Every structure is written in structure tokens, then in C-alpha cells.
Amino acid sequence: QVQLVESGGGLVQAGGSLRLSCAASGRTFGSWAMGWFRQVPGKEREFVAAIRWYGSRTYYADSVNGRFTISRDNAKNTVYLQMNSLKLEDTAAYYCAAGAISRSHYQGNEYDYWGQGTQVTVSS
């Protein structure tokens, strides 16, 4: 089994920056991807960003493209989400995920493992 441990959430003012981290236990397969999703109470889980474990291909939601950057550190089995120019609407519980994606990196059901979530709150 793979375990994902998230950190880095917190309170930040609009326009500020925050970096989330997600460390995965063990080894991941080259075909795996790591992703970030977010969810607000009463709303559906939303794709944020994803990255292939090996290689550099990345995927971003339109709502965060240009502001967020996903990256990885293979030696540490860790994926990061650098969030810049944060907006109030970025407030959500953020979840990291991992899995062998077979169809779409944008679909949460493609991911096999999930972190516990970390809260990001953007204030005005």
C-alpha cells in the first residue's frame, strides 16, 4: 500500500503564496501520476494539477493555470504544489492523490491513493 502525507496548508492573505507538500511512501511506478484536488463543502471535488512521476508532463485546471505550479522530487517521493497569487476562491481542502492513470488525469476516480487533506484558507 501507498501512503500519502500532506503538509503545508494554512491561512494566507489574498495575493500571497503557499506551498503544499505530499510525501508518498515506498516506490511508485513510472506510469503513475501524482495529483492535487480540492473540495469545498457542498461542492464537487475539483481537479487542480497533476504530474507524471517520471517525466515532466504536467496538467492544470484552467482556474489555477499560470498561478499554481506542480513539481516533484523523485529522491524524496514528494510532490509539491506551489500556489501563487492566491484568491479567495482558492479556499478549500486540498488533497493529494496518486495512481496509475489509465484515462484522464482530471478524474478523481482514476487515482488509487489519497492523502488526508490539508486546509488552505485565503483571506481578504
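Keep in mind that what you see is a predicted model, and the values were worked out from it rather than measured. (Residues numbered from 1 in each chain as written. Predicted model: local features only at pLDDT ≥ 70, side-chain atom pairs only at ≥ 80, totals over all residues. Heavy atoms only, no water.)

1. What about the overall build of the protein chain?
Next up, step 1: Of the regular secondary structure elements, the protein chain holds zero helices and eleven strands.
Next up, step 2: Reading the secondary structure of the protein chain in the N-to-C direction produces β-β-β-β-β-β-β-β-β-β-β.
Next up, step 3: For the protein chain, the C-alpha radius of gyration of 13 Å lies close to 14 Å, the compact-globule estimate for 124 residues.
Next up, step 4: For the protein chain, the C-alpha atoms occupy an extent of roughly 40 × 30 × 25 Å along the three principal directions.
Next up, step 5: Counting every position in the protein chain, which comprises 124 residues, the buried fraction comes to 46%.
Next up, step 6: Expressed as a percentage of contacts within the protein chain between residues at least 6 apart in sequence, the contacts between residues at least 24 apart total 56%.
Next up, step 7: Taking the average place of the 12 positive charges on the side chains of the protein chain and the average place of its 9 negative ones, the gap between the two points comes to 6 Å. (Helix = DSSP H or I, 4+ residues; strand = E, 2+ residues; numbered from the N terminus. Rg over C-alpha atoms; globule rule 2.2 N^0.38 Å. Buried < 20%, exposed > 50% of the residue type's maximum accessible area, 1.4 Å probe, protein only. Contact = heavy atoms within 4.5 Å. Lys, Arg positive; Asp, Glu negative; His and termini not counted. Charge placed at Lys NZ, Arg CZ, Asp CG, Glu CD.)

2. What about the state of the cysteines?
Next up, step 1: Overall, the coordinates contain one disulfide when judged by the stated rule.
Next up, step 2: The disulfide that involves cysteine 22 links it to cysteine 96, with 2.0 Å between the sulfurs. With the S-S bond torsion at 55 degrees, the cross-link from cysteine 22 to cysteine 96 turns out right-handed. Here cysteine 22, found in strand S3 (residues 18-24), pairs with cysteine 96, found in strand S9 (residues 92-100); they are 74 residues apart in sequence, far enough to count as distant. As far as burial versus exposure is concerned, cysteine 22 and cysteine 96 are alike and both buried. (Disulfide = S-S within 2.5 Å.)

3. Some details on unusual backbone geometry
Next up, step 1: Notably, asparagine 77 is not glycine yet its phi reads approximately 50 degrees, a positive angle.
Next up, step 2: Among the secondary structure elements, asparagine 77 is positioned in the loop between strand S7 (68-73) and strand S8 (78-83).
Next up, step 3: Phi is positive for serine 85, close to 50 degrees, though the residue is something other than glycine.
Next up, step 4: Here serine 85 lies in the loop between S8 and S9.
Next up, step 5: Of the residues examined, serine 85 reaches a relative accessible area of 41% and is grouped as partly exposed.

4. What to know about the sheet that holds S3
Next up, step 1: Ordered in space as S1-S3-S8-S7, the four strands form an open sheet in which the pairing is antiparallel. Each end of this open sheet is capped by a strand with a single partner; those strands are strand S1 (4-7) and S7. Averaged over all neighbouring strand pairs, the angle between strand axes comes to 15 degrees, with direction disregarded.
Next up, step 2: In this sheet, S8 lies alongside S7 in antiparallel orientation, the contact comprising six bridges. Each bridged residue has a counterpart across the sheet, and for isoleucine 70 the counterpart in S8 is leucine 81. (Pairing = 2+ DSSP bridges. Axes fitted to C-alpha atoms, helices over the stretch in contact; angles between N-to-C directions.)

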